Amino acid sequence: MNDQKTMFLQSTHRVSLWRAVPLLTLLWWVGAGIGFGDSSKHGRISDEIESFGGHSTSMVGGGGAALDGLAAVRLNPSLLMSADAYRITAAYHWPSYGRSYYQLGIVDGTGPVKAGMVFSAPLNLTFDDPFTLAESLEEGEEVGVESYRDAFWGTGINQRFNLGLAYSVGKVALGVSGSYLRGWMRRRRTFTYTQEDGITFGGGASVLILPNLRVGASVEHLGNEAVRDLAPTFYRGSVAWLISGGIASLHADYLQRQRVRSEWVLVEDRDTASDPAWRSLFEDQETINSFEKMVIGSASLLIQDLVRLSAGFGYEFGDEVFARRTVGGGLALLSDMYVLSYSIKKPYFDASKLHQNLSLSVTIKL
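The structure presented is a predicted model; accordingly, all values stated were derived computationally and were not measured.

**Some remarks on the overall build of the protein chain**
Phase 1 of the analysis: Summing up its helical and strand segments, the protein chain has six helices and 14 strands in all.
Phase 2 of the analysis: For the protein chain, with 366 residues in total, the buried portion stands at 53%.
Phase 3 of the analysis: Once local pairs closer than 6 in sequence are excluded, the contacts in the protein chain between residues at least 24 apart make up 62%.

**Things to note about the packing of aromatic side chains**
Phase 1 of the analysis: Summed over all chains, the structure comprises eight aromatic pairs.
Phase 2 of the analysis: With centroids separated by 5.6 Å and ring planes inclined at 80°, the aromatic side chains of F52 and F234 adopt a geometry described as edge-to-face. With F52 in the loop between α2 (21-32) and α3 (72-75) and F234 in strand β8 (residues 234-243), the pair connects residues that are 182 residues apart, well separated along the chain. The exposure classification of F52 matches that of F234, with both residues buried.
Phase 3 of the analysis: Ring pairing ties together the aromatic residues F127, W184 and Y193, which thus form one cluster.
Phase 4 of the analysis: Over the face of the ring belonging to Y348 we find R324, whose NZ or CZ atom lies 4.5 Å from the ring centre.
Phase 5 of the analysis: Between the NZ or CZ atom of K353 and the centre of the ring of Y97, over which it lies, the distance is 5.3 Å.

**Some remarks on the confidence of the model for the protein chain**
Phase 1 of the analysis: Overall, the prediction assigns the protein chain a mean pLDDT of 83, with 78% of residues at 70 or greater.
Phase 2 of the analysis: For the stretch residues 1-18, pLDDT sits under 50, and the model shows 42 contacts to residues farther than four places along the chain or on other chains.
Phase 3 of the analysis: Long-range and interchain partners of residues 272-285, a stretch whose pLDDT sits below 50, account for 40 contacts in this model, where long-range means more than four residues apart.

Procedures and definitions
- Residues numbered from 1 in each chain as written.
- Predicted model: local features only at pLDDT ≥ 70, side-chain atom pairs only at ≥ 80, totals over all residues.
- Heavy atoms only, no water.
- Helix = DSSP H or I, 4+ residues; strand = E, 2+ residues; numbered from the N terminus.
- Buried < 20%, exposed > 50% of the residue type's maximum accessible area, 1.4 Å probe, protein only.
- Contact = heavy atoms within 4.5 Å.
- Phe/Tyr/Trp six-rings, centres within 6.5 Å; stacked < 30°, edge-to-face > 60°.
- Lys NZ or Arg CZ within 6 Å of the ring centre and 35° of its normal.
- pLDDT = per-residue confidence, 0-100.

Quick look at the structure:
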């Protein structure tokens, strides 16, 4: 079993550089796509909610049957069973809107029960209430539409703490997760933001059905009534296929995510300063509780045991209003002691804003 896990995570094979061209091209394409306008016909979800840790940003939240380490804590805690060392990770995120934030994480893969912890928080704990911004305007004064977008679409989190535990029984790995969150949420059908906190829980399972094929399923943020807009519920089914003994891997995920209120707030330019630069807080209870349904395809490629490229594409279906597309890519430099990675993501393909993050992971051998 240990040999199978090891083979799923790493490879000593080498691959020529030309095989990396497709992923490099996609990474360049994402970065070059800044020319698109912000033409979305709806609001947005905060990037922080979809920041699962590790290099999951480049895979746009895919890899739920493949990514071990820090990403597994939220994506599928059972994958922590693939960890075989003590690893510390620090990451910094530049989101498409709102406050930048950091993540700190530890994964302990040294014992029979594997554990992982992730802490996330913005550097600036000051929250800009968009309604306060509107009310503070003096006659003839304008705040600017980007300020409102930052306030509506940026993160409301003050702190997020995630814990995951995993244990294996034969070829089946099982995991449980728990989260504590504190942040700003708007009360339903009001213009008032208040600080709320709450605890959620989840779990996951994965099975290595062949030496090169793994399937998994997970759920995150059950019992989230108090913090739904900070921690929407995720349901996920995943499959991962290892190619050529680990040189490359392909992943497919089906994701259902509970929608959040910021997705119904469209912030547009206005002609007069008296207009608060936001339109239609649509809050039909039945619609608010609907789920985003998305399929995600992602891949990774190892080059000379020194560089790992990754990319992903997400396609939402079944909703004519939202119809979201998302794409991302990433580059990681590898060694026995550390992994330095950079990821870039277009959360909404029809918008110019990008989500970027830089991560450093250090392995400590005890």
